[in-house]
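A closer look at the structure
Each chain, letter by letter, is given below.
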Amino acid sequence: GSWKILVNEGDSLTRKLFTIAHELGHYFLHKEDHTKFIDGGLSHISFERTETSKFQTREIEANEFAAILIMPKSQLDLQIAELKKTLGTSNIDSRFIDLLASKFDVSPMAMMNRLKNLDYVE
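Since we're looking at a predicted model, the values are computed, not measured.

Describing unusual backbone geometry
Phi is positive for Asp105, which is not a glycine, with a value near 55°. Tracing the backbone shows Asp105 in the loop between helix 5 (94-104) and helix 6 (108-117). The exposure class assigned to Asp105 is partly exposed, which follows from its relative accessible area of 40%.

Here you go:
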């Protein structure tokens, strides 16, 4: 009757944050389908799935949930506008992404993916 989220204590803070948000995504989006989720090398044990695409869809959905939770569009819009003003540029380059990622405590790759999904970058 209870759910637990376990994270690797050796992971970085940004990784832990995203992992927790991702697992919350599984809970809120997929809890009716499964009683246990284990991401990583042991995932095949708990899903007992035969359709790889179904699993991949759930992972994509959990990642999207995590991104929206950690990097809400309204807050991104504010931070992007502030950084553009501070840096005096409208160009969203790797330095810009690194600074933005640090403001949200996510990896640059997570930030890049979120910005792509919101059509800020290609």
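Picking up where we left off.
Some points on the packing of helix 4 (residues 73-87) against helix 5
Where helix 4 meets helix 5, the closest approach of the two axes is 11 Å, and the angle between their N-to-C directions is 130°. Considering the angle they form, helix 4 stands oblique to helix 5. When you trace helix 4 past helix 5, the crossing you get is right-handed. Judged by residue contacts, Gln75, Leu76, Gln79, Ile80, Glu82, Leu83, Lys84 and Leu87 of helix 4 engage Arg95, Phe96, Leu99, Leu100, Lys103 and Phe104 from helix 5. Counted by class, the contact of helix 4 with helix 5 contains 8 nonpolar, 2 polar and 4 charged residues.

Concerning the layout of surface pockets
Computed from the structure, the second largest pocket encloses a volume of approximately 390 Å³. If you go around the second largest pocket, you meet 19 residues; those closest to its centre are Arg15, Phe18, Asn63, Ala110 and Asn113. Sorting the residues of the lining of the second largest pocket by element identifies helix 1 (13-30), helix 3 (52-70) and helix 6 as the ones contributing at least two each. No other element matches the 6 residues that helix 1 contributes to the lining of the second largest pocket.

Here we look at helix 5
Those residues of helix 5 lying buried are Phe96, Ile97, Leu100, Ala101 and Phe104. With its buried residues spanning 130° around the axis, helix 5 presents them on a single face. Directly after helix 5, the chain includes Asp105, whose backbone phi takes a positive value near 55°.

A closer look at the nonpolar core
Counting 20 residues, the largest nonpolar core has Met71, Leu100, Phe104, Val106, Met111 and Leu115 as the members making the most contacts within it. No other element matches the 5 residues that helix 5 contributes to this core. For Met71, the contacting residues outside a window of four places in its chain are Leu76, Phe104, Val106, Ala110, Met111 and Arg114.

Regarding the environment of Ala110
With respect to the element layout, Ala110 can be found in helix 6. Measuring from C-alpha to C-alpha, the distance between Ala110 and Ala66 comes to 9.8 Å, with 44 residues separating the pair along the chain. Contacts of Ala110, omitting those with residues within four sequence positions, involve Phe18 and Met71.

Cut-offs and rules
Residue positions are given per chain, counted from 1 along the sequence in the order it is written. Residues qualify for local features only when their pLDDT is at least 70, as the model is predicted, and side-chain atom pairs are given and counted only at 80 or more; totals for whole chains, interfaces and linings, by contrast, use all residues. To obtain the side-chain values, all non-hydrogen atoms of the structure were used and water was disregarded. Helix and strand labels come from DSSP, where a helix needs a run of H or I of at least four residues and a strand needs a run of E of at least two; each type is numbered from the N terminus. Type-normalised accessible area, obtained with a 1.4 Å probe on protein chains alone, sets the label of each residue: buried when under 20%, exposed when over 50%, and partly exposed for intermediate values. Convention adopted: a line fitted to C-alpha atoms gives each axis, helices being fitted over their contacting stretch, and angles between N-to-C directions are expressed from 0 to 180 degrees. Reported orientations rely on four angle classes, namely roughly parallel under 35 degrees, roughly antiparallel over 145, roughly perpendicular from 65 to 115, and oblique for the rest. A crossing counts as left-handed when the near helix is turned anticlockwise from the far one by less than a right angle, and as right-handed when that turn is clockwise. Whether two residues touch is decided by their heavy atoms; if any such pair falls within 4.5 Å, the residues are in contact. Residue polarity is assigned by list, with Asp, Glu, Lys and Arg as charged and Ala, Val, Leu, Ile, Met, Phe, Trp, Tyr, Cys and Pro as nonpolar; anything else, Gly included, falls into the polar class. Definitions used throughout: a 1 Å grid over protein atoms alone; a cavity as a set of points that fits a 1.4 Å probe which cannot get out; a pocket as an open set with protein on both sides within 12 Å along at least five of seven lines; a lining residue as one with an atom within 4 Å of a point. Grid points are joined across faces, edges and corners, and a volume is the space filled by probe spheres set on the points. Of all possible arcs, the one meant is that of the directions from the helix axis to the C-beta atoms. Each nonpolar core is a collection of buried residues, namely Ala, Val, Leu, Ile, Met, Phe, Trp, Tyr and Cys, held together in the definition by side-chain atoms within 4.5 Å.

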